[in-house]
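Close look at the chain arrangement
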Amino acid sequence: MNFNQLANEWDDARRIKRASTLSGVIMNELPEKKFQCGLEFGCGTGLISCNLQHRFERLHCIDNADAMIDIVKQKIEELGLSHCFAHCADLSKENVFFDKKIKFDCIFTSMALHHVVDTDGIISRFYSLLDDGGLLVIIDLDSEDGAFHQSEVGFEGHNGFDRLALEQILCKNNFKQIRFKNAYAGKKMIEGREVSYSLFICIAKK
């Protein structure tokens, strides 16, 4: 899936509406406070971050598609979000924050984790980037039969996640107070047929 090629058409009505719904789901699960420093992993064009930015003193948005990050930077400038910062990097391969010794009290990610082959590795990276007591919030696909990405040539990620298996990975990486909830139920047209899918939200604490 070439996200650079898709960037300019990404913010369609369907994705904007879903992002609004998922942002509300995340806000309902976050404590009633303003976080000092947040990170969205796999931010895409920043749809979720733009909805949640008011909950953070500083918010970093990271994606490995430079065309997506260009759009995020444009939104930051146009909306005057001086507390938001966009980075193009592959956090599964490099840690752009270690040199700056930045720590986060909240990391969130939506529909990005299933694209990462090494789930254990990126969960470990999240843990290292969180402050003690920091929250990890994951929204992603429940396990499915592969239909969700069947039209995408070269897709090497996961066909969603079994919640128990993901919980075990989080436990292995020392996360605590892990809980799952249903987040969203949707339909997607794939090669002429309508495919149903569901998303979960997972909240875990360092």
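Data block above holds the structure.
Here's a quick rundown of the structure. Predicted model, so just to flag it, every value in this text is computed and none were measured.

Given a rise of 1.5 Å per residue, 14 residues ought to cover 20 Å, and the 20 Å separating the end C-alpha atoms of helix 4 (residues 66-79) matches this to within 8%. Every buried residue belonging to helix 4 is among M68, I69, I71, V72, K75 and I76, and all of these are buried. Buried residues of helix 4, viewed axially, fall in a sector of 155°; they line one side. More than 90 degrees from the buried face of helix 4, the exposed residues found are E77 and E78. After helix 4 finishes, the residue G80 shows a positive phi value of roughly 65°.

The next subject is empty space enclosed by the protein. Under the criterion given, the structure shown has 1 cavity of 30 Å³ or more. Lining of the largest cavity is provided by G46, S49, C50, Q53, C61, V72, K75, I76, L81 and C84. For the lining of the largest cavity, the secondary-structure elements that each account for two or more residues are helix 3 (47-52) and helix 4. With 3 residues, the top contributor of residues to the lining of the largest cavity is helix 4. Looking at side-chain class alone, the lining of the largest cavity contains 6 nonpolar, 3 polar and 1 charged residues.

All told, the structure shown has 6 salt bridges when counted by the stated rule. Taking the shortest distance from any N to any O, the salt bridge between D90 and K93 comes out at 3.9 Å. The exposure class assigned to D90 is buried, which follows from its relative accessible area of 18%.

Next up on the list: the nonpolar core. Counting residues in hydrophobic clusters, the biggest one holds 32 residues, and the most contacted among them are I26, F108, L199 and I201. For this core, the secondary-structure elements that each account for two or more residues are helix 2 (13-29), helix 3, strand 2 (56-63), helix 4, strand 3 (84-88), strand 4 (104-110), strand 5 (130-141) and strand 7 (193-205). Listed in part, the 28 residues of the second largest apolar core include V116, F126, L129 and F175.

On the basis of which strands lie adjacent, the open sheet formed by 7 strands has the order 3-2-1-4-5-7-6 and mixed pairing. Looking along the sheet, the strands with just one partner apiece sit at the ends: strand 3 and strand 6 (176-190). If you compare each strand with its neighbour and ignore which way they point, the axes differ by 15° on average. Strand direction decides the pairing type here: strand 2 and strand 3, joined by 5 bridges, are parallel. Bridge pairing in strand 3 links I62 to H87.

Along the polypeptide, E191 turns up in the loop between strand 6 and strand 7. Measuring from C-alpha to C-alpha, the distance between E191 and L30 comes to 37 Å, with 161 residues separating the pair along the chain. Discounting residues that sit within four places of it in the chain, E191 has contacts with Q150 and S151.

Note on placement: S128 falls in helix 5 (residues 119-129). Once the C-alpha coordinates of S128 and L170 are considered, the two residues, 42 residues apart in sequence, prove to be 13 Å apart. Among the polar contacts made by the side chain of S128, one reaches the main-chain carbonyl oxygen of R125 at a distance of 2.7 Å.

It is worth spelling out the state of the cysteines at this point. Taken as a whole, this structure holds 0 disulfides when the rule is applied. Here C61 stays free of any disulfide, with the sulfur of C43 as its closest cysteine sulfur at 5.0 Å.

Cut-offs and rules
Residue numbers restart at each chain and count upward from 1, following the sequence in its written direction. Local features in this predicted model are restricted to residues whose pLDDT is 70 or higher, and side-chain atom pairs enter the listing and the counts only when it is 80 or higher, whereas totals over whole chains, interfaces and linings include all residues. To obtain the side-chain values, all non-hydrogen atoms of the structure were included, while hydrogens and water were left out. Helical segments are the DSSP runs of H or I of at least four residues, strand segments are the runs of E of at least two, and each set is numbered from the N terminus. Expected helix span is computed as 1.5 Å times (number of residues minus one). We call a residue buried when its accessible area falls under 20% of the maximum for its residue type, exposed when it is over 50%, and partly exposed in between, using a 1.4 Å probe and counting protein chains only. Directions pointing from the helix axis toward each C-beta atom define the arc. Within this scheme a cavity is a closed region of a 1 Å grid, computed over the protein atoms alone, that accommodates a 1.4 Å probe without allowing it to escape, whereas a pocket is open but has protein on both sides within 12 Å along at least five of seven lines; lining residues each have an atom within 4 Å of a point. Grid points are joined across faces, edges and corners, and a volume is the space filled by probe spheres set on the points. Three residue categories are used. Nonpolar comprises Ala, Val, Leu, Ile, Met, Phe, Trp, Tyr, Cys and Pro, charged comprises Asp, Glu, Lys and Arg, and polar comprises the others, including Gly. In the sections that follow, a salt bridge refers to a side-chain nitrogen of Lys or Arg positioned within 4 Å of a carboxyl oxygen of Asp or Glu. The set of buried Ala, Val, Leu, Ile, Met, Phe, Trp, Tyr and Cys residues whose side-chain atoms join them within 4.5 Å is what this entry labels a nonpolar core. At least two DSSP bridges between two strands are required for those strands to pair. Fitted lines through C-alpha atoms serve as axes, helices being fitted only where they are in contact, and the angles separating the N-to-C directions of these axes extend from 0 to 180 degrees. Contact criterion: two residues are considered in contact whenever any of their non-hydrogen atoms come within 4.5 Å of each other. Two N or O atoms form a polar contact when they lie within 3.5 Å of each other; inside protein one atom must be a possible hydrogen donor and the other a possible acceptor, and for residues adjacent in sequence the pair counts only when both atoms belong to side chains. Pairs of cysteine sulfur atoms within 2.5 Å are what we label disulfides.

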